[in-house]
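Here are the chains, one letter per residue:
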Amino acid sequence: MPDGDHSGENKPTADDDESLQREFVQEKLVESKTDRPRMRIREVHIRLGHRFFSVWLILGVILGLGVVVVVAAKLYVNSGAGQGFLAQFPCIPLAPPVPAGMPAFVRWTHLLSFFLLVVIVRSGLQILADHPRLYMKVHCTPGTEWLRFRGPVPSDRIWTAKEDAITVSPLVGLPGGRHTIGVARHWHFIFDILFVVNGIVYAVFLFSTPWLHRLVPTDLSIVPAAASCAVTYLSLHLPGGVSGFFRYDALQQLTYFAVIFILAPLAILTGLAMSPALDNRFRWFARLFGNRQIARSIHFLVMVGFVLFFIGHMALIALTGFTANLNDITLGNNNTNLDGVVIWLVVIALVIAFNIWAIRFSWRHTRVLQRIANVFVGRPMDLVFDNFAPRVEYKRDDISIYFWPNHSRLPDSPEWRALRDDDFRSYRLKVYGLVENPVELSLAQITDLAKKSQITLHHCIQGWSGIAEWSGLPFRDLIDLVRPMREAEWVMFYSFAKGGKGGDPYYDSHSIKDLLHPQSLLAYEMNGERLPILHGRPLRLRVENQLGFKQVKWISEIEFVHHFSERYAGQGGYSEDHEFFGYRDEI
Ligand SMILES: Nc1nc2c(c(=O)[nH]1)N[C@H]1C(S)=C(S)[C@@H](COP(=O)(O)O)O[C@H]1N2
Ligand SMILES: [Mo]
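Structural notes, computed from the coordinates. Being a predicted model, the structure only gives us computed values, none of them experimental. (Residues numbered from 1 in each chain as written. Chains lettered and ligands numbered in written order. Predicted model: local features only at pLDDT ≥ 70, side-chain atom pairs only at ≥ 80, totals over all residues. Heavy atoms only, no water.)

## Examining unusual backbone geometry
Across the chain, the bulk of peptide bonds are trans and the bulk of non-glycine residues have phi less than zero.
In step 1: At the junction of Leu174 and Pro175, the peptide bond is cis and its omega measures out at 0° in the coordinates.
In step 2: Mapped onto the secondary structure, Pro175 falls in the loop between helix 5 (161–164) and helix 6 (181–207).
In step 3: Of the consecutive residues Arg537 and Pro538, the connecting peptide bond is found in the cis state with omega at 5°.
In step 4: Positionally, Pro538 belongs in the loop between strand 12 (529–530) and strand 13 (540–542).
In step 5: The backbone of Phe580 shows a phi angle near 65°, a positive value even though the residue is not glycine.
In step 6: The backbone of Arg584 shows a phi angle near 55°, a positive value even though the residue is not glycine.
In step 7: Arg584 sits in the buried class, given a relative accessible area of 11%. (Helix = DSSP H or I, 4+ residues; strand = E, 2+ residues; numbered from the N terminus. Buried < 20%, exposed > 50% of the residue type's maximum accessible area, 1.4 Å probe, protein only.)

Written as structure tokens, this is what we have:
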């Protein structure tokens, strides 16, 4: 461990956790709520061609078009052609009869998915705020984003992705307040898993009951029938002769079907497509949606789809018999008493109470939340890590012209400055710990060992990505040189740079298994040139199944240990200890 560190000597135990937690939460509070701009609708801009337009303008145009469509629909339904069409194709689907009323499995999974989606959407918005730009190209060059939630990237100074993060109000984001992607991801992933389980339970019931026929279209005639419903709704009328208690109308059926069987699976798949463990391992997965940024954009649009569906759904429920509809979805009957309304209000109150509790829990018991996520999300991730699995490589033409820099601190110690001024001639990489042959290597000695180059995709936890060529020493050659002892299973990487406002250096850990992969490099070149200072000179890591925060820059020392929990607060790295990032951060 580097000199000057004291937290490692008093290695915390589980008992100290309470005090540690308080200490770290306090440290996080140092980044005050005023440090960063907040996500505001008036800052949202959409790019069309070379220009960015305010989202208010775009919404105004959409509203104008909406009025035109309604007028057109009204003219059409009053015309002879329109009357004929509506008579020929009633808004009712041709479907075998199914029992009336909502069965219990629909009522329960429906309410649960509402609860789960509220948490997923809120934590998702908090994650989005950490890189508030959406792109179509994998390179994320500033100015090429199609949607942004804050102004342009400043071009007169170095602007890191960390500086670009904004905050969201606790009314919108979970936990809200400050930028805290680690905490938001824990909520997001734990609830994603619950959402998937809920979806599987629902699907199993659906496919084993006649309810299937009420939802899954089996006859193409549903298309003109749904068009007939659409024209009716757009002319601001309700189609007659249908009641959701007995059967859905054709448009309703198609919409529910699309939300459940298109929107929800798309949300899951586009979420997975942002993971380096998956899309640097399987080339086909990386290409499923084109690239990571398209997947991220679709993931966002799916969220917008869910929110718009929710608004339309609630509006139609209110318009087509509020009390009967709510009795149907909560109790399975179509009485018009207030029982359903009361249950519905109680559910909403519980969801709000849960979210208030979750915000408090996030700040008071962050370590506990991190532990829960590690057990339910991080540990299963070990199963997807295969150290000898291929990692996708790209072509020279794919290299990004812009690569976001990311860190909160550049190295600025006198030691570092002396090395830089002497062009790293006196730099010695110290490799020690549980090894039979500890070494101190100069840069010349390192470059004299084996050298490997690779063109790979970098995945930052905040959302951006970039492709670069990295050249350096394959880590397994260093492993051969230092000969780890049998107990050694993890390797700590310490940086010359501090991690944040506190005194600790930036550090992170990797398993020897991951480091044995031929693409795990100690890189000293980027895109064929000497590694720029901004990107980690003299040495930085590349471990291609992992997120960006694991790629320590400005490496000063490397220590072989039995387990990462023996160092600092024991979570594996600076971001894990201080920002509560998860084990294998759920990638
Ligand atoms: N020493 C140090 N290394 C670091 C960081 C840091 O803050 N300090 N940030 C990490 C993060 S979050 C990312 S995404 C990558 C970014 O690498 P780049 O600046 O070369 O793009 O560096 C990683 N390595
Ligand atoms: Mo990152």
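## Here's the deal with the packing of helix 14 (residues 339–364) against helix 15 (residues 366–381)
In step 1: Between helix 14 and helix 15, whose axes approach to 5 Å, the crossing angle comes to 100°. Compared by their axis directions, helix 14 and helix 15 come out roughly perpendicular. Judged by residue contacts, Phe361, Ser362, Trp363 and Arg364 of helix 14 engage Thr366, Val368 and Leu369 from helix 15.
In step 2: For the contact of helix 14 with helix 15, the residue count by class is 4 nonpolar, 2 polar and 1 charged. (Axes fitted to C-alpha atoms, helices over the stretch in contact; angles between N-to-C directions. Parallel < 35°, antiparallel > 145°, perpendicular 65-115°, else oblique. Contact = heavy atoms within 4.5 Å. Nonpolar A, V, L, I, M, F, W, Y, C, P; charged D, E, K, R; others polar.)

## Quick notes on the site of ligand 1
In step 1: Around ligand 1, the surrounding shell holds 20 residues, and the nearest of these are Trp404, His535, Arg540, Gln551 and Lys553.
In step 2: Measuring from a nitrogen atom of ligand 1, one finds a side-chain N or O atom of Ser495 at 2.9 Å.
In step 3: Within the side chain of Arg540, an N or O atom sits 2.8 Å from an oxygen atom of ligand 1.
In step 4: For the shell around ligand 1, the residue count by class is 9 nonpolar, 8 polar and 3 charged. (Near = heavy atom within 4 Å. Polar contact = N/O pair within 3.5 Å; in protein donor to acceptor, adjacent residues only side chain to side chain.)

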